[in-house]
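Understanding the architecture of this molecule
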Amino acid sequence: MNKRYYGIFSVVMTVFLLQSACTASVGDSMNEINQTNHSSSKTPVSQTPTSTNVITESERLIDPEGLEFKEIGVEDFNKGVFIDFERYKKDFFNDDIISKFKGNLEGIVENDKAKFKVHLYEGSQKESLFFDEENAQFMFNDLDLLEKITIYGREQIWIGVQYAKKHEDGSVENKAITYFFTKNKEGNWLIENID
């Protein structure tokens, strides 16, 4: 992966998150649009803006700018989660977030939809990202983004993950995806979006 990919990815993610923040500022979160009649304990918190600045605070533990990752080929592929979480553990990337994130990834590797959904907001429709191809296998090998930001007074944790997907025909595809954690009304961090 080259620098240009991460530059474009950063711009696209910034635009996406700014749009979602604007939606959240008028009382709708990304998932509230798709959710109706769900328990209030699993719905995202909508907060009143506390600042006129869009991003009021940002703490980045991994910056994708300039990072390069080894392409996983057929010979390198091993099904599983091979991320050294301890290497990145600091501040907001703590045991709680790591456990929820790792559990979700393990659900994907084990093809276990129930485990995948444990820490997702209720009503999330993200199964199609990983469970649409029968007999696909996954190898999660590294993180490329760790950032905690506050947009309109609403905290989010972004976790970018590098992975390889082995298709039924044996071909291997390298991909990257970002997880977005937000707090529910009880103050618990959950996975609001995967994109």
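Reference entry: report on the structure contained in this document. Please read all numbers here as calculations on a predicted model, not as lab measurements.

So, on to the overall build of the protein chain. A tally of regular secondary structure across the protein chain gives five helices and six strands. Element order for the protein chain, N to C, with α for helix and β for strand: α-β-β-α-α-α-α-β-β-β-β. Buried positions account for 44% of the 195 residues belonging to the protein chain. Contacts in the protein chain between residues at least 24 apart in sequence constitute 65% of all its contacts with a sequence separation of at least 6.

A separate point is the nonpolar core. Membership of the largest hydrophobic core comes to 31 residues, with the highest contact counts inside it found for Phe93, Phe130, Phe140, Leu143, Ile159 and Tyr179. Element by element, the count of residues in this core is highest for helix α3 (residues 95-109), at six residues. Setting aside residues up to four positions removed in sequence, phenylalanine 140 forms contacts with Gly80, Val81, Phe82, Ile83, Leu105, Ile108, Val109, Phe130, Val161, Gln162 and Tyr163. Leu145, Ile149, Trp158 and Phe180 belong to the second-largest nonpolar core, a separate cluster that totals six residues.

Its place among the elements puts asparagine 141 in strand β3 (residues 137-151). The contact partners of asparagine 141, leaving out residues within four places of it in the chain, are Lys70, Ile72, Phe82, Ile83, Gln162, Tyr163 and Ala164.

What follows is about the packing of aromatic side chains. The tally for this structure, following the rule as stated, stands at twelve aromatic pairs. A connected cluster of aromatic rings, assembled from ring pairs, spans Phe116, Phe130, Phe131, Phe138, Phe140 and Tyr163.

All right, on to unusual backbone geometry then. One non-glycine residue, asparagine 135, adopts positive backbone phi at about 70°. Positionally, asparagine 135 belongs in the loop between α5 (128-131) and β3. Not every positive phi belongs to a glycine, and tyrosine 152 is a case in point at roughly 50°. Looking at the element boundaries, tyrosine 152 is found in the loop between β3 and β4 (154-166).

What follows concerns the side chain of glutamate 192. The topology assignment puts glutamate 192 in strand β6 (residues 189-194). With a relative accessible area of 0%, glutamate 192 lands in the buried category. For glutamate 192, the side chain forms a polar contact with the side chain of threonine 182, separated by 2.7 Å.

Here aspartate 169 is to be found in the loop between β4 and β5 (172-183). What makes aspartate 169 exposed here is its relative accessible area of 66%. Sequence separation between aspartate 169 and asparagine 135 is 34 residues; the distance between their C-alpha atoms is 9.4 Å. Polar contacts involving the side chain of aspartate 169 include one to the side chain of serine 171, which spans 2.7 Å.

About the criteria used
- Residues numbered from 1 in each chain as written.
- Predicted model: local features only at pLDDT ≥ 70, side-chain atom pairs only at ≥ 80, totals over all residues.
- Heavy atoms only, no water.
- Helix = DSSP H or I, 4+ residues; strand = E, 2+ residues; numbered from the N terminus.
- Buried < 20%, exposed > 50% of the residue type's maximum accessible area, 1.4 Å probe, protein only.
- Contact = heavy atoms within 4.5 Å.
- Core = buried A, V, L, I, M, F, W, Y, C linked by side-chain atoms within 4.5 Å.
- Phe/Tyr/Trp six-rings, centres within 6.5 Å; stacked < 30°, edge-to-face > 60°.
- Polar contact = N/O pair within 3.5 Å; in protein donor to acceptor, adjacent residues only side chain to side chain.

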